[in-house]
Amino acid sequence: SAVISQKPSRDICQRGTSLTIQCQVDSQVTMMFWYRQQPGQSLTLIATANQGSEATYESGFVIDKFPISRPNLTFSTLTVSNLSPEDSSIYLCSAGSSGETQYFGPGTRLLVL
Amino acid sequence: SQKIEQNSEALNIQEGKTATLTCNYTNYSPAYLQWYRQDPGRGPVFLLLIRENEKEKRKERLKVTFDTTLKQSLFHITASQPADSATYLCALPSNDYKLSFGAGTTVTVRA
């Protein structure tokens, strides 16, 4: 299994600003993913964070709005840019190596005013 | 893409009873299906994985079945306890290991 930590755990931001979320895994993993979970909703995959190359985004999510970095096998960042109240959500990082089980971080709760 | 439906949004049961949750999907049958538990304010925690050639899988008081003909998985919590109160999510993979999640069923176990 893997232990995932995220920073910050929560933040309140003004519209038009950006927030960068960090995800750290305690072991080297093959895959890292970023999800969004809006209040009362299930998880929606934003993108797959690829080590050393550009992230792979799901339909409806674009790099300009959600730039992602993954400089090595244990760390990734997600930036939510040009924030609007609609971006208020929980952002979750997950990781896995077997291609099956994913381990999730505790999430980052974002409120945009 | 898969459409995943989990039965009711909420399930309230008496301690000691069995909770049964349903996960139905509409398109292709995946090679495996997973169940996760999510507590308020926390990320999902992996519980069980069942493969397409497995009819049933057990882990302690949890039992999962997988019927590829019906395109359905059932998740059972036997001898339920108040500590089992949480939201349970089913998840199906695509060919490249990306997971699609159902909306979840919130279980409340009354003492």
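Just above, that's the structure.
Now for a quick tour of the structure. Everything numeric here is computed off the predicted structure, so don't read it as measured data.

### Brief notes about the interface of chain A and chain B
Here's step 1: The interface is formed by 19 residues belonging to chain A together with 18 residues belonging to chain B.
Here's step 2: When chain A packs against chain B, the two sides together hide about 1,500 Å² of surface, and 52% of this comes from carbon and sulfur.
Here's step 3: Of all residues in chain A, S42(A), E100(A) and F104(A) give up the largest surface area on contact with chain B, accounting jointly for 32% of the area buried on that side.
Here's step 4: Summed over the shared surface of chain A and chain B, the number is 1 salt bridge.
Here's step 5: Between K98(B) and E58(A) there is a salt bridge whose closest N-O contact spans 2.7 Å.
Here's step 6: Of all the secondary structure elements, the ones that give two or more residues to the side of chain A that touches chain B are β4 (31-37) and β5 (43-49) of chain A.
Here's step 7: No other element matches β4(A), which puts 4 residues into the side of chain A that touches chain B.

### Overview of the sheet that holds strand β7 (residues 68-72) of chain A
All names here are of chain A.
Here's step 1: Overall, antiparallel pairing links the 4 strands, which are arranged β1-β3-β8-β7 in an open sheet. With partners counted over all chains shown, the strands left at the sheet margins are β1 (4-7) and β7, one partner each. Averaged over neighbouring strand pairs, the angle between their axes works out to 15 degrees when direction is ignored.
Here's step 2: Pairing of β7 with strand β8 (residues 75-80), which is carried by 3 bridges, proceeds in the antiparallel orientation. Along β8, the bridge assignment pairs I68 with L78.

### Focus on the layout of surface pockets
Here's step 1: In this model, the largest pocket occupies a volume close to 980 Å³.
Here's step 2: Taken together, 47 residues line the largest pocket, and the ones lying closest to its centre are Q41(A), S42(A), L43(A), G102(B) and A103(B).
Here's step 3: Within the residue set of the lining of the largest pocket, elements represented by two or more residues are β5, β9 (89-96) and β11 (108-112) of chain A together with β1 (4-6), β9 (86-93), β10 (99-101) and β11 (105-110) of chain B.
Here's step 4: Top contributing element to the lining of the largest pocket by residue count: β9(B), with 5 residues.
Here's step 5: Here the residues of the lining of the largest pocket are counted per class, giving 18 nonpolar, 23 polar and 6 charged.

Criteria and cut-off values
Residues numbered from 1 in each chain as written. Chains lettered and ligands numbered in written order. Predicted model: local features only at pLDDT ≥ 70, side-chain atom pairs only at ≥ 80, totals over all residues. Heavy atoms only, no water. Contact = heavy atoms within 4.5 Å. Buried area = accessible area lost by both parts, 1.4 Å probe. Salt bridge = Lys/Arg side-chain N within 4 Å of Asp/Glu carboxyl O. Helix = DSSP H or I, 4+ residues; strand = E, 2+ residues; numbered from the N terminus. Pairing = 2+ DSSP bridges. Axes fitted to C-alpha atoms, helices over the stretch in contact; angles between N-to-C directions. 1 Å grid on protein atoms, 1.4 Å probe; cavity = no way out; pocket = protein on both sides within 12 Å on 5 of 7 lines; lining within 4 Å. Points joined across faces, edges and corners; volume = space filled by probe spheres on them. Nonpolar A, V, L, I, M, F, W, Y, C, P; charged D, E, K, R; others polar.

Shape descriptors only; they carry no functional weight alone.
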